[in-house]
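Residue-level structural notes
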Amino acid sequence: MTPPSGRFQRRFDPRHWLSDLLAGIVVGAVTVPINLAYGTLAGVPVAGLYAGILPILVYALLGSSRQMIVTADAALATVVALSLAPLAGGDPARLMLLASATALLAGGICLLGHLLRLGFAADLLSKPVMVGFNHGLAVVILLSQLPKLLGLPSPHGGSLEMPMALWQGRGSAHLLDLGVGLGSIALILGCRRFAPRVPGQAIALLAAVLLTYFFALDRAGVVVVSAVPAGLPTPMLPWLSWEDARAILPVALAVSLLTFSDSTIIAPAFAARNRYRINANRELLALGAANIAAGLTQALPVGASGSRTAVLEASGGRSQTAALVAAVVVIACLVFLTDFFRFLPAAALAGILITAALSLIDLEEFRRIWRFGWIGLVGALLTLAGVVAYGMIEGIALGVLFS
């Protein structure tokens, strides 16, 4: 038998199989609640879980990073919620179709970038734009999850209208929902602070499910998530009308740029610590293929996940074998454990998303930008304001044009 190539051995290194196996189990345990939360944020919970299967496997086979996890992330889920949900008109099946088609188009754009060797395109999103975007994204996620944390129906309107709507509905807040949400946040932040290797999101999800089951919190008024269908996704091609395709093309362009830009930040950081190199054009190929896989399996668009990659490294993962194990864990949950999600409070998922948003906030970044010049700070603040006031794509466009 011909031995596998050295590149294949590095990507799936048998010397680390035990540590990769354990790391993959931990990453999978974290991926399930986070992807479910991102799917719920986007409006299609199961599409978030589907993003944790084939896209992870495809990137593991093609990517130049030995450790990076490519799956659903906060930015792309928010793009779906803000840019595609209005086009779906409240129809979850149509929203899933639009999200899948966006992933497919974004994957095609990344593959075209690979063929044209456009790895430099990530430079369009300068440091101030990315800092402003991340903080604007954090604000949008925090505001969008406050109604679920309080047990209130999500009000109509954008982020700017949310504070007033919440103030007007404050008398209807449900204390049990608030307690579950705050408890989840405290548990996740406590694990992050005192036991960073413990998957706080998974522990919070399990604790919330057990509390709801044993104390019948759903009967006491705690809102639970909608039912998640059991089983694996059925491969299908998301067919759209020409009008829909034209409407989602700008969204797909933004998704492809965000996906590649994140990977050019996350992958080199982990590669430098573990002494290997990243090939930017190969990343375009792998990210494009992963998004095409997402589009064909009814999943959300996917990108590099810094949090899951950090969990993999902290858990001892050294090759993409850990990613393969993580995907198997997600598959097992979809096949055997979806009944448990019937007892999952929406406030617990809101807590998971709020802690994800808090991890995006680093006010020291604005001070660093200020040291290089006030124009960069203006660009960051303009991007932040644009994301919150007008939308993610519009905010990025404002920042890029100003830069």
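1. A short note on the side chain of serine 256
Looking at the secondary structure, you find serine 256 in helix H11 (residues 242-274). Discounting residues that sit within four places of it in the chain, serine 256 has contacts with Ala106, Ile109 and Cys110.

2. Considering a nonpolar patch on the surface
On the surface, Trp370, Trp374, Ile375, Val378, Leu382, Tyr390, Leu398 and Phe402 cluster together to form a nonpolar patch covering roughly 830 Å² of accessible area. Put simply, the parts of the chain that give the nonpolar patch at least two residues each are helix H17 (374-389) and helix H18 (392-402). Among the elements that make up the nonpolar patch, the one with the highest residue count is H17 (four residues). For leucine 382, the position within the fold is in helix H17.

3. What about the packing of aromatic side chains?
As enumerated under the stated definition, the model contains two aromatic pairs in all. Seen from their ring centres, tyrosine 213 and phenylalanine 343 are 5.2 Å apart, and the 85 degrees between their planes marks the pair as edge-to-face. You can see tyrosine 213 sitting in helix H10 (residues 200-215) and its partner phenylalanine 343 sitting in the loop between helix H14 (321-336) and helix H15 (346-358), a full 130 residues away along the chain. What makes phenylalanine 343 buried here is its relative accessible area of 16%. Lying across the ring of phenylalanine 270, arginine 273 places its NZ or CZ 4.6 Å from the centre.

4. A few points about the packing of helix H6 (residues 92-115) against helix H12 (residues 280-296)
It is at 7 Å that the axes of H6 and H12 come closest, and there the two elements cross at 160 degrees. By the angle between their directions, the pair H6 and H12 is classed as roughly antiparallel. Judged by the sense of rotation from one axis to the other, the crossing of H6 with H12 is left-handed. Where H6 approaches H12, its residues Ser100, Ala103, Leu104, Gly107, Gly108, Cys110, Leu111, Gly113 and His114 are matched on the opposing element by Asn281, Arg282, Leu284, Leu285, Gly288, Ala289, Asn291, Ile292, Ala294, Gly295 and Leu296. The residue makeup of the contact of H6 with H12, split by class, is ten nonpolar, nine polar and one charged.

5. Quick word on the nonpolar core
Ranked by internal contacts, the top residues of the largest apolar core, which has 85 residues, are Tyr38, Leu84, Phe133, Leu300 and Leu344. When residues in this core are grouped by element, the largest group, nine residues, is from H11. Excluding residues that lie within four positions of it along the chain, tyrosine 38 makes contacts with Ala72, Asp73, Ala74, Ala77, Leu300, Arg308, Leu353 and Ala356. In this structure, Leu312, Ala322, Ala323 and Ala326 belong to the second largest nonpolar core, which totals ten residues.

6. Quick notes on the packing of helix H2 (residues 17-42) against H14
Interaxial distance between H2 and H14 falls to 7 Å at its minimum, and their mutual angle equals 45 degrees. Here H2 lies oblique to H14, going by the angle between them. In the crossing of H2 with H14, the sense of the turn from one axis to the other is right-handed. When H2 is examined against H14, the residues Asp20, Leu21, Ala23, Gly24, Ile25, Val27, Gly28, Ala29, Thr31 and Val32 are found in contact with a partner set consisting of Thr321, Ala322, Val325, Ala326, Val329, Val330 and Cys333.

7. Concerning the confidence of the model for the protein chain
Taken over all residues, the pLDDT of the protein chain has a mean of 88, while the share at 70 or more is 92%. Within the protein chain, strand E1 (residues 69-71) carries the highest mean pLDDT (96), whereas helix H1 (residues 6-11) carries the lowest (54). Low pLDDT (under 50) marks residues 1-5, which in the prediction has one contact with non-local residues, meaning those over four places away or in another chain.

What counts, and where the lines are drawn
Residues numbered from 1 in each chain as written. Predicted model: local features only at pLDDT ≥ 70, side-chain atom pairs only at ≥ 80, totals over all residues. Heavy atoms only, no water. Helix = DSSP H or I, 4+ residues; strand = E, 2+ residues; numbered from the N terminus. Contact = heavy atoms within 4.5 Å. Patch = residues over 30% accessible without salt bridge, like charges linked within 9 Å, V, L, I, M, F, W, Y side chains within 5 Å. Areas by Shrake-Rupley, 256 points an atom, 1.4 Å probe, with all protein chains shown as cover. Salt bridge = Lys/Arg side-chain N within 4 Å of Asp/Glu carboxyl O. Phe/Tyr/Trp six-rings, centres within 6.5 Å; stacked < 30°, edge-to-face > 60°. Buried < 20%, exposed > 50% of the residue type's maximum accessible area, 1.4 Å probe, protein only. Lys NZ or Arg CZ within 6 Å of the ring centre and 35° of its normal. Axes fitted to C-alpha atoms, helices over the stretch in contact; angles between N-to-C directions. Parallel < 35°, antiparallel > 145°, perpendicular 65-115°, else oblique. Left-handed = near helix turned anticlockwise from the far one by under 90°. Nonpolar A, V, L, I, M, F, W, Y, C, P; charged D, E, K, R; others polar. Core = buried A, V, L, I, M, F, W, Y, C linked by side-chain atoms within 4.5 Å. pLDDT = per-residue confidence, 0-100.

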